[in-house]
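Report on the structure
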Amino acid sequence: MPQDMMNRIIILGYMGAGKTTIGKALSKATGMPFYDLDWYIENRMRKTIPQLFEERGEEGFRKIEHEMLHEVAEFENVIFSCGGGTPCFFDNMDYLNRQGKTVYLKACIDVLYKHLNMGRNVRPLLLNKTADEVKAYIQSQLREREIYYQKAQYTFDVTLLDQYEKIKLAVTQLRALLNL
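Just so it is clear, the model here is predicted, and its values are computed rather than measured.

**Remarks on the overall build of the protein**
Helix and strand content of the protein: 7 helices and 5 strands. Secondary structure elements of the protein, listed N to C terminal, follow the sequence β-α-β-α-α-β-α-β-α-α-β-α. In summary, the protein has a C-alpha radius of gyration of 16 Å against a globular reference of 16 Å for 180 residues, a match within 12%. Taking as baseline every contact in the protein between residues at least 6 positions apart, the subset at least 24 positions apart corresponds to 72%.

Structural data, given as structure tokens:
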């Protein structure tokens, strides 16, 4: 991997895995700026992700996401997180692996469910689902997406990140893993 790519840390994983939490904490620890791809899209498009989904459907959203991903992935000395579906469309996962160090934040279904069930009404793909439907949806979708996530250069288990001290410890471990 060319030297200039060594300073891009790309965090991916299923929604609710803690990509933004870890990204922000890693940013604070390293001094590298952090970008959340969803926030970047919302700022550039001046619309929320749910609005974009509603107006353009998932396919239209994924095209926008793909374009914005290519913008953010050109930034230097950054940490950025992708939406849960980002690696699963187009050639995004292969592209990400060429752009920097990719880290899959792996969490078990129960942890993902706990994180997502509380905010299911703000996530377009979980809207109007019951608690049982949310859990079944996570299981099904994670099975489909895992093949993409597992292409990441690093896998980091985030199942037990339920306290600030554990997040700090995880950042220390992640820095060691990534030689930061």
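**Re the pattern of salt bridges**
Once the charged atoms of two side chains with opposite charge are near each other, the side chains can pair. Scanning all chains against the criterion turns up 8 salt bridges. Between Arg62 and Glu65 there is a salt bridge whose closest N-O contact spans 2.9 Å. On the criterion of helical spacing, the pair formed by Arg62 and Glu65 is a turn pair, its members being 3 residues apart in helix H3 (residues 49-72). As far as burial versus exposure is concerned, Arg62 and Glu65 are alike and both buried. Across the pair Lys135 and Asp110 runs a salt bridge whose closest N-O atoms are separated by 3.1 Å. Placement of Lys135 in helix H6 (residues 131-149) and of Asp110 in helix H5 (residues 109-118) is noted, with a sequence separation of 25 residues between them. For Lys135, a relative accessible area of 30% puts it in the partly exposed group. In the salt-bridge network here, residues are joined through shared partners; they are Glu58, Arg62 and Glu65.

Reading the values: the criteria
Residues numbered from 1 in each chain as written. Predicted model: local features only at pLDDT ≥ 70, side-chain atom pairs only at ≥ 80, totals over all residues. Heavy atoms only, no water. Helix = DSSP H or I, 4+ residues; strand = E, 2+ residues; numbered from the N terminus. Rg over C-alpha atoms; globule rule 2.2 N^0.38 Å. Contact = heavy atoms within 4.5 Å. Salt bridge = Lys/Arg side-chain N within 4 Å of Asp/Glu carboxyl O. Buried < 20%, exposed > 50% of the residue type's maximum accessible area, 1.4 Å probe, protein only.

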